[in-house]
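Coordinate inspection notes
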Amino acid sequence: MLPAQGGSSRRGPFSPPARGRAGAGAATRARLSARLGGGGPGRAAATAHGAAILREFAMAMLWKFMRVAKYSKTALSQEVKVRGTPVYSRHSSSRSVPSDFAANTPSSNIVELLGKAYPQDDYSNVTEKILSKVGKNLHNKKHHPLWLIKEQVKDHFYKQYIGRFGTPLFSVYDGLSPVVTVQQNFDSLLIPQGHASRKKEDNYYLNRDHMLRAHTSAHQWDLIHSGLDAFLAVGDVYRRDTIDNTHYPVFHQMEGVRLFSCHELFCSVKDGEDFQLFEQGHRTAHKQESHTMEAVRLVEFNLKQVLTKLMTHIFGDGLQVRWVDCYFPFTHPSFEMEINFQGEWLEVLGCGVMEQQLVNSAGAQDKIGWAFGLGLERLAMILYDIPDIRLFWSEDERFLKQFIVPHICQKIKFQPLSKYPPLINDISFWLPSETYSKNDFYDLARTIGGDLIEKVVLLDEFTHPKNRTSLEDSLEESLQLKEEGDDLGPSSMAHNEFLALSSSRREGVAEQHLLQHV
């Protein structure tokens, strides 16, 4: 249910992204800082000419961006094939933009993914870099840290909650396709048509009808409709986002759902046969209009008890927990769970009483339920003290072997692989005047620089009073600017943005990787 990534606590686990567009149509000069983290953690020391390579890399990347050149090819997995010209989104509206980064609709453009073909249209914005991640399924790779977290949660639910016939009450689904329909990802969860979470700048669309799921909640309606009352759904999810050590465009979530009949909910309550699940009432801050207060209180109590036991199982006895009221489109009331870990309060998941309209539409009109969503990376970074979300994609044996343990609950403290600090450069360039999203640049940086890029930060903005015409000339001129701000290029463009990319890199092997892209 849209959990927050990695170590980020800026958004609740269920909350759909509601980030505003950066610099859309504004006549501004902006600066971005990016840190290129040395070819991924744990490679050899950087050589003396590393700074020159970085400058060459950044110049090439910016030139590609401004000249709208083709992306450098990224190797796809065997399950991913792309026919036609890859298309990229520039903004969240459905209007196409005349650029190689904008979506276009040649009839020959087809994306073949996981054995199915998807025609591209003006909404298509998934990049080859992202497609190459589909099918990796890190949560199913034995001894991977994400697998360890998943297995701990699964083991806890299997042992703690037993069904009528002595079998586990909760079933687990960890192989569902990440390609879903827009209806599954949004409509089935009661997310309004105009909601910010639907924007192209925040999601990866294959076309107007299909996308890479933004959360595991996309499977909630289907699983309930199939007759399930208790399940966990685990998988990789995809969101366009900023670049830093706690955000990555692909991460992993676990969804949990539990439904109760009237008998199941009130059977342990004295005179429980006198209570009902539903009424025709009014929606308040504490309940939905169709729920009785007795039913909501019991569902909420059960939900919080289940999640408190889960976090205690993962982090140990004596764990301090607190609940924060919040809002999600598909639960009410809704809560975020925070734990006190090593003296710091950390948000770890979101949850709530499921919207009855959703439950009813899935065919379970006689039941009431709860749902929660958590990020596997978030828990793993806290539990194992992993400082950078990119590490989960590392194939370095020095990283992976740290998690080969005889028992899934064994305590592990991640040991850093490299002691070399990053190198940082600032590089400036002009942006075009049309609608622009920072996520467009982040996708470009990730496509060319890969996981070498550690961080991109907006440092400065500047609005120039004169008009400009040529993007290429503006780029050439801007790269020669003096600190005082000389005349910034040819004369007639009304709206340009000025960005600076600050890059850093640790190691010599990373140079070879950079040169492949440059």
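Computed from a predicted structure; not experimentally measured.

Thoughts on the overall build of the protein chain
Helix and strand content of the protein chain: 13 helices and 16 strands. Each of the 518 residues in the protein chain was classed as buried or not, and the buried ones make up 57%. Element-wise, carbon and sulfur atoms account for 49% of the exposed surface of the protein chain, whose accessible area totals about 21400 Å².

Focus: the packing of helix H7 (residues 293-315) against helix H9 (residues 376-384)
Two quantities define a packed helix pair, namely the angle between the helix axes and the distance between the axes. Packing of H7 against H9 brings their axes to within 11 Å, and their N-to-C directions diverge by 40°. When the axes of H7 and H9 are compared, the pair comes out oblique. Where H7 approaches H9, its residues Met311, Ile314 and Phe315 are matched on the opposing element by Leu379, Ile382 and Leu383.

Structural notes on the pairing of strand E12 (residues 344-354)
The buried count for E12 comes to 9 of 11 residues, which makes it a mostly enclosed element. Across 9 bridges, the pairing between strand E11 (residues 331-341) and E12 is antiparallel. Each bridged residue has a counterpart across the sheet, and for Asn340 the counterpart in E12 is Trp345. Linking E11 to E12, which pair antiparallel, is a turn of 2 residues; within it Gln342 sits at a positive phi near 55°. In this structure, E12 lies alongside strand E13 (residues 368-375), joined through 5 bridges in antiparallel fashion.

As for the nonpolar core
If you look at soluble globular proteins, the nonpolar side chains tend to sit buried side by side. Within the largest apolar cluster, 74 residues are counted, with the highest numbers of intra-cluster contacts made by Leu113, Phe157, Leu212, Met311, Phe315, Leu374 and Ile386. For this core, the element with the highest residue contribution is H7, accounting for 10 residues. Discounting residues that sit within four places of it in the chain, Phe315 has contacts with Ile339, Phe341, Leu379, Ile382 and Leu383.

A closer look at the environment of Lys287
Mapped onto the fold, Lys287 is located in the loop between helix H6 (262-266) and H7. Since its relative accessible area comes to 5%, Lys287 is described here as buried. Between the C-alpha atom of Lys287 and that of Glu355, which follows or precedes it by 68 residues, the distance is 9.9 Å. Apart from residues no more than four positions distant in its own chain, Lys287 is found in contact with Glu279, His282, Thr292, Met293, Val296, His332 and Pro333. Within polar-contact distance, the side chain of Lys287 engages the side chain of Glu279 at 3.1 Å. A polar side-chain atom of Lys287 sits 2.8 Å from the main-chain carbonyl oxygen of His291.

As for the confidence of the model for the protein chain
For the protein chain, per-residue confidence averages 75 on the pLDDT scale, and residues scoring 70 or more make up 66% of the total. Under a pLDDT of 50 for its full length, residues 15-53 has, in the predicted model, 177 contacts with residues more than four places off or in other chains. Confidence drops under pLDDT 50 across residues 63-107; counting only partners more than four residues distant or on other chains, this segment forms 133 contacts.

Comments concerning H7
In a regular helix each residue adds 1.5 Å, so 23 residues correspond to 33 Å; H7 covers 33 Å between its end C-alpha atoms and thus fits that length. Turning to H7, its buried residues number three or more, namely Ala295, Val296, Val299, Glu300, Leu303, Lys304, Val306, Leu307, Leu310, Met311, Ile314 and Phe315. Just downstream of H7 lies Gly316, where phi reads positive at about 105°.

Here we look at the side chain of Ser261
Its location among the elements puts Ser261 in the loop between strand E9 (250-260) and H6. Assessed through its relative accessible area of 18%, Ser261 is described here as buried. Those residues in contact with Ser261, other than ones at most four positions away along the chain, are Leu277, Asp366 and Lys367.

Considerations on unusual backbone geometry
Residue Pro333 follows His332 across a cis peptide bond; omega there is -5°. Looking at the secondary structure, you find Pro333 in strand E11. Phi is positive for Asn137, close to 50°, though the residue is something other than glycine. For Asn137, the location among the structural elements is in the loop between helix H2 (128-131) and helix H3 (145-160). We note that Leu190 has phi near 65°; this positive angle belongs to a residue other than glycine. One can find Leu190 in the loop between helix H4 (182-185) and strand E7 (210-212).

Remarks on the pattern of salt bridges
Counted according to the given criterion, the structure contains 18 salt bridges. Between Lys159 and Asp155 there is a salt bridge; the shortest N-O distance is 3.4 Å. Taken as a pair, Lys159 and Asp155 lie in helix H3 at a separation of 4 residues, close to a single helical turn. Across the pair Lys287 and Glu279 runs a salt bridge, and its minimum N-O distance is 3.1 Å.

Notes on the environment of Asn302
Among the structural elements, Asn302 can be located in helix H7. On the basis of relative accessible area, Asn302 is assigned to the partly exposed category, the value being 22%.

Notes on the packing of H3 against H9
The N-to-C vectors of H3 and H9 enclose an angle of 100°; their axes lie 9 Å apart at closest approach. By the angle between their directions, the pair H3 and H9 is classed as roughly perpendicular. The residues of H9 that touch H3, namely those facing Pro145, Leu146, Leu148, Ile149, Lys150 and Gln152, are Leu376, Glu377, Leu379, Ala380, Leu383 and Tyr384.

What to know about the state of the cysteines
What the rule picks out here adds up to 0 disulfides. Of all cysteine sulfurs, the one in Cys326 lies closest to Cys351, which takes part in no disulfide; the gap is 7.4 Å.

Things to note about the packing of aromatic side chains
Each pair of aromatic rings is reported with the distance of its centres and the angle of its planes. For the structure shown, the criterion picks out 13 aromatic pairs. A ring pair is formed by Phe157 and Phe372, whose centres lie 6.2 Å apart and whose planes are at 15°; its orientation type is stacked. A residue pair is termed long-range when its members are at least 10 positions apart, and Phe157 in helix H3 and Phe372 in strand E13 qualify at 215 residues. This pair shows no difference in class: Phe157 is buried, exactly as Phe372 is. Between Trp370 and Phe372, the aromatic rings sit 6.0 Å apart at their centres with planes inclined by 35°, giving tilted as the arrangement. Accessibility classification places Trp370 together with Phe372 in one group, the buried group. Among the aromatic residues, those joined into a cluster by ring pairs are Phe157, Tyr161, Phe170, Trp370 and Phe372. Note that Lys200 overlies the ring of Tyr123, its terminal NZ or CZ placed 4.9 Å from the centroid.

Scoring rules and cut-offs
Residues numbered from 1 in each chain as written. Predicted model: local features only at pLDDT ≥ 70, side-chain atom pairs only at ≥ 80, totals over all residues. Heavy atoms only, no water. Helix = DSSP H or I, 4+ residues; strand = E, 2+ residues; numbered from the N terminus. Buried < 20%, exposed > 50% of the residue type's maximum accessible area, 1.4 Å probe, protein only. Areas by Shrake-Rupley, 256 points an atom, 1.4 Å probe, with all protein chains shown as cover. Axes fitted to C-alpha atoms, helices over the stretch in contact; angles between N-to-C directions. Parallel < 35°, antiparallel > 145°, perpendicular 65-115°, else oblique. Contact = heavy atoms within 4.5 Å. Pairing = 2+ DSSP bridges. Core = buried A, V, L, I, M, F, W, Y, C linked by side-chain atoms within 4.5 Å. Polar contact = N/O pair within 3.5 Å; in protein donor to acceptor, adjacent residues only side chain to side chain. pLDDT = per-residue confidence, 0-100. Expected span 1.5 Å × (residues − 1). Salt bridge = Lys/Arg side-chain N within 4 Å of Asp/Glu carboxyl O. Disulfide = S-S within 2.5 Å. Phe/Tyr/Trp six-rings, centres within 6.5 Å; stacked < 30°, edge-to-face > 60°. Lys NZ or Arg CZ within 6 Å of the ring centre and 35° of its normal.

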